[in-house]
Amino acid sequence: MHQHSRGVQEQVGELISRYIRHYESKTRRSRQIFEHASQLIPSGTSHNIRYFEPYPFSTRMASGKYIYDVDGNAYTDYWMGHWSLILGHAPKVVVDVLRERVVEGTMFGTVSEHALRLAETINRLMPRAEMLRFSSTGSEATMYAIRLARAYTGRRVVAKMEGGWHGFNTDLMHSVTYPFDEPEGRGILEEESRYVIALPFNDIDASTRLLDTVRDDLACIIVEPLLGGAGCIPADRGYLHALQEYARRSGALFILDEVVTGFRVSLHGAQHVYSLEPDLFTLGKVAGGGLPIGVVCGLNEVMSLADVRGKGKGDRVGIGGGTYSENPLSMSAGLAVLEYLARHEHIYERLEMLGDEARRGIDRVMSDHGIMVKSTGMGSLFLTHFLKGNISDVRSARDAAECDTAMQRLYHFALLSIHDIFFLPNKLGAISVEHDSIDIRRLIDASERVAGDIAYARAHGHGTPSSS
Ligand SMILES: Cc1ncc(COP(=O)(O)O)c(C=O)c1O
């Protein structure tokens with residue numbers, strides 16, 4: 001290895017150690033909890049991405065834009081409950097309704113008007129939801145969407161994106177993480193992805209060539225309008241329209257996964273922003289108002305296949321189910337948030353402005369220190385990528401994966417350790433209505449300090465002769 005690059009690595013390694021020591025010294029109780037939890041719960045958490053090195057802090061409570069750990073630290077939160085909390089933690093409209101409802105029963109397991117109210121509101125805000133069904137997670141909603149598509153078309157193949165994340169359902173656990181052509185882990189059989197193909201995001205020519213190979217058996221194309229987990233990358237308008245058009249022409253269904261973008265990028269979802277008309281779409285996160293939810297929505301003609309009335313097993317599609325589906329508390333919290341958003345639609349403009357400020361400001365201070373980054377995103381969602389090699393822009397999951405993800409992790413961890421600003425390392429950030437310009441200024445200033453640390457480490461690494 002070139003002796004200068006070894007010197008740089010050593011200096012950056014020293015910087016990481018300093019951040020880790022600082023974090024460890026202020027999160028002692030969190031460490032104990034994590035060590036105990038990891039004896040009972042693999043990697044100490046029930047969601048893989050919640051784990052990060054050296055151990056995740058343990059949350060005591062959260063309110064507004066802050067999340068508090070058991071050691072007494074308060075962090076400005078940009079993870080915002082997997083980006084679901086557009087009104088911040090424990091917003092008054094949700095707390096008030098839950099206080100009232102919780103004494104009326106937390107679980108009915110029967111039909112109730114609460115579900116109807118939320119369904120009506122979703123239908124009014126997103127008219128392509130002619131009919132819908134509720135589940136407890138987004139993973140179920142996407143699983144149901146592709147099952148409906150297969151049933152409706154009588155075809156088998158599902159086309160998804162490279163890097164596309166639709167939750168943990170087996171069919172869609174394909175081509176999620178880099179390298180995209182390798183299986184997603186043990187326990188998932190290769191045969192299970194036999195009827196799933198992965199398209200390169202934002203590349204219509206290559207996507208069309210792949211779609212052509214399965215055209216007659218293509219049941220659906222499922223796509224996130226903003227590639228979320230794989231890098232916070234907005235789709236090109238032309239790309240989404242080309243996919244929608246391809247699905248129409250070939251007799252397949254066009255499914256938009258709006259679990260992240262629904263009620264987040266606009267009151268009417270990304271389908272409104274992009275002027276799309278999906279046959280089916282999925283919701284989750286914001287729609288649950290901070291309580292568990294998933295929703296599969298779509299055209300009457302397709303959704304009504306799920307109607308069990310007067311049908312034998314051979315005629316209906318088995319979707320829906322789940323003990324806690326239509327849970328009255330999720331229905332009420334979701335409704336409270338959507339009604340608030342409908343009354344305060346102007347918040348989207350403000351969130352977008354803050355998002356633009358963050359994206360532009362972070363890129364500027366990094367570049368002032370000679371660090372080339374690109375902050376991607378849309379509206380209140382953003383992620384800073386550290387450019388590397390010949391990557392000069394980030395337009396696909398592959399581009400994002402080929403950036404310097406170790407440096408991205410170091411940046412997020414430094415914000416957490418030194419500056420009390422929480423991003424889940426390597427994941428996009430979400431701004432809520434509780435954040436303001438001062439928070440974004442603080443984030444940019446903190447980013448500048450981290451950029452200074454990195455630039456210093458690099459400069460001194462260059463001046464450090466290697467010992468070998
Ligand atoms: C686009 C998208 N679809 C589906 C899901 C799965 O939702 P859930 O985690 O509620 O199962 C996620 C989760 O992050 C997501 O980002």
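Bear in mind the structure is a predicted one, so any value in this text is a computation, not a measurement.

Asks: I tried to follow the overall build of the chain on my own but got confused; where do I start?
Replies: Scanning the chain from N- to C-terminus turns up 15 helices and 16 strands. In terms of C-alpha radius of gyration, the chain reaches 23 Å, essentially the compact-globule figure of 23 Å for 468 residues. Expressed as lengths along the three principal axes of its C-alpha atoms, the size of the chain is roughly 80 × 55 × 45 Å. Among the 468 residues that make up the chain, the fraction classed as buried is 53%.

Asks: I tried to follow the nonpolar core on my own but got confused; where do I start?
Replies: Within soluble globular proteins, side chains that are nonpolar generally end up buried alongside one another. Ranked by internal contacts, the top residues of the largest apolar core, which has 121 residues, are Ile122, Phe134, Phe263, Leu341 and Leu443. For this core, the domains that each give at least three residues are domain 1 (3-77 + 346-462) and domain 2 (92-343). Ignoring sequence-local partners within four residues, the contact set of Phe134 consists of Ala115, Leu118, Ala119, Ile122, Ile293, Gly294, Val295, Ser325, Glu326 and Met331. In this structure, Val158, Leu253, Leu280 and Ala306 belong to the second largest nonpolar core, which totals 20 residues.

Asks: Looking at this structure, I do not really get the domain arrangement of the chain. What am I missing?
Replies: Interfaces are often sized by the accessible area lost when the parts come together. Along its sequence, the chain is organised into domain 1 (3-77 + 346-462) and domain 2 (92-343). If you average the C-alpha positions of domain 1 and of domain 2, the two centres end up 29 Å apart. Of the residues lining the interface, 24 residues belong to domain 1; the matching set on domain 2 comes to 26 residues. Per-residue buried area on domain 1 facing domain 2 is highest for Tyr348, Met378 and Arg395; these three make up 33% of the total on that side. Inspection of the domain 1/domain 2 interface yields 2 salt bridges.

Asks: Explanation requested: the pairing of strand 13 (residues 373-378) in the structure shown.
Replies: The two faces of the sheet receive side chains in turn, since in a regular strand these alternate between them. The element strand 13 is largely enclosed, with a buried count of 5 among its 6 residues. Across 6 bridges, the pairing between strand 13 and strand 14 (residues 381-386) is antiparallel. Counterpart to Lys374 in the pairing with strand 14 is His385.

Asks: Sorry, what's going on with the pattern of salt bridges here?
Replies: Oppositely charged side chains may form a pair once their charged atoms are brought near each other. According to the stated counting rule, one finds 20 salt bridges in the structure shown. Between Lys92 and Asp96 there is a salt bridge, and its shortest N-O distance comes to 2.6 Å. Of the two residues, Lys92 and Asp96 both sit in helix 4 (residues 92-102), 4 residues apart, roughly one turn of that helix. Take Lys92: its relative accessible area is 60%, and that puts it in the exposed class. Note that Arg117 and Glu120 form a salt bridge whose closest N and O atoms lie 2.7 Å from each other. On the criterion of helical spacing, the pair formed by Arg117 and Glu120 is a turn pair, its members being 3 residues apart in helix 5 (residues 113-125). Residue Arg117 is classed as partly exposed on the basis of its relative accessible area, which comes to 32%.

Asks: Would you explain the site of the ligand in this entry?
Replies: Around the ligand sit Thr137, Gly138, Ser139, Trp165, His166, Gly167, Glu224, Asp257, Val259, Val260 and Lys285, and that is every residue in its neighbourhood. Gly138 has a polar backbone atom sitting 2.8 Å from an oxygen atom of the ligand. Ser139 is positioned with one of its side-chain polar atoms (N or O) 2.6 Å from an oxygen atom of the ligand. Here the ligand has 390 Å² of accessible area as a free molecule, and 88% of this is covered by the chains. Taken together, the residues of the shell around the ligand break down into 3 nonpolar, 5 polar and 3 charged.

Asks: Even after reading the chapter, I still don't get the environment of Thr213, so can you show me in this structure?
Replies: Considering the arrangement of structural elements, one finds Thr213 in the loop between helix 7 (204-212) and strand 7 (218-223). Placed 22 residues apart in sequence, Thr213 and Glu191 show a C-alpha to C-alpha distance of 18 Å. In terms of polar contacts, Thr213 uses its side chain to reach the backbone carbonyl oxygen of Leu210, at 2.5 Å.

Asks: Looking at this model, I keep getting lost on the environment of Thr142. Mind explaining?
Replies: Note that Thr142 resides in helix 6 (residues 138-153). Overall, the relative accessible area of 0% leaves Thr142 in the buried class. With near-sequence residues (within four places) excluded, Thr142 lies in contact with His166, Asn169, Leu172, Ile222, Asp257 and Thr282. A polar contact is formed between the side chain of Thr142 and the side chain of Asn169, at a distance of 2.9 Å.

Asks: Honestly, helix 2 (residues 28-40) in this entry has me stumped. Any pointers?
Replies: Because an α-helix packs 3.6 residues into every turn, residues spaced three or four apart end up facing the same way. The terminal C-alpha atoms of helix 2, which comprises 13 residues, lie 19 Å apart, in line with the 18 Å expected from a rise of 1.5 Å per residue. For helix 2, the set of buried residues is Ser30, Phe34 and Ala37. Projected down its long axis, helix 2 shows its buried positions confined to an angular sector of 70 degrees, all on one face. Turned more than 90 degrees from where helix 2 packs its buried face, Arg28, His36 and Gln39 sit exposed.

Asks: Looking at this model, I keep getting lost on the packing of aromatic side chains. Mind explaining?
Replies: Geometry of an aromatic ring pair is reported as the spacing of the ring centres plus the angle between the planes. Tallied over the full model, the rule gives 16 aromatic pairs. Here Phe382 and Phe423 contribute two aromatic rings whose centre-to-centre distance is 5.7 Å and whose plane-to-plane angle is 85 degrees, an arrangement assigned as edge-to-face. Here the residue Phe382 occupies a position in strand 14, and Phe423 occupies one in the loop between strand 15 (421-422) and strand 16 (429-430), the gap between them amounting to 41 residues. Both residues of the pair, Phe382 and Phe423, count as buried. Members of the aromatic cluster, connected to one another through ring pairs, are Tyr23, Phe52, Tyr55, Phe57, Tyr75, Phe413 and Phe422. Just above the ring of Tyr246 sits the side chain of Arg215; from NZ or CZ to the centre is 5.3 Å.

Asks: Explain the side chain of Ser380 here, please?
Replies: Note on placement: Ser380 falls in the loop between strand 13 and strand 14. The buried category is assigned to Ser380, whose relative accessible area is 1%. At a separation of 3.0 Å, a polar atom in the side chain of Ser380 contacts the side chain of Arg264.

Asks: Sorry if this is basic, but what is going on with the sheet that holds strand 14 here?
Replies: With respect to topology, 3 strands assemble into an open sheet ordered 13-14-16, the strand pairing being antiparallel. Either end of the sheet is taken by a strand with one partner, and the two such strands are strand 13 and strand 16.

Parameters at a glance
Residues numbered from 1 in each chain as written. Predicted model: local features only at pLDDT ≥ 70, side-chain atom pairs only at ≥ 80, totals over all residues. Heavy atoms only, no water. Helix = DSSP H or I, 4+ residues; strand = E, 2+ residues; numbered from the N terminus. Rg over C-alpha atoms; globule rule 2.2 N^0.38 Å. Buried < 20%, exposed > 50% of the residue type's maximum accessible area, 1.4 Å probe, protein only. Core = buried A, V, L, I, M, F, W, Y, C linked by side-chain atoms within 4.5 Å. Domains from an automatic or database assignment. Contact = heavy atoms within 4.5 Å. Buried area = accessible area lost by both parts, 1.4 Å probe. Salt bridge = Lys/Arg side-chain N within 4 Å of Asp/Glu carboxyl O. Pairing = 2+ DSSP bridges. Near = heavy atom within 4 Å. Polar contact = N/O pair within 3.5 Å; in protein donor to acceptor, adjacent residues only side chain to side chain. Areas by Shrake-Rupley, 256 points an atom, 1.4 Å probe, with all protein chains shown as cover. Nonpolar A, V, L, I, M, F, W, Y, C, P; charged D, E, K, R; others polar. Expected span 1.5 Å × (residues − 1). Arc of directions from axis to C-beta. Phe/Tyr/Trp six-rings, centres within 6.5 Å; stacked < 30°, edge-to-face > 60°. Lys NZ or Arg CZ within 6 Å of the ring centre and 35° of its normal.

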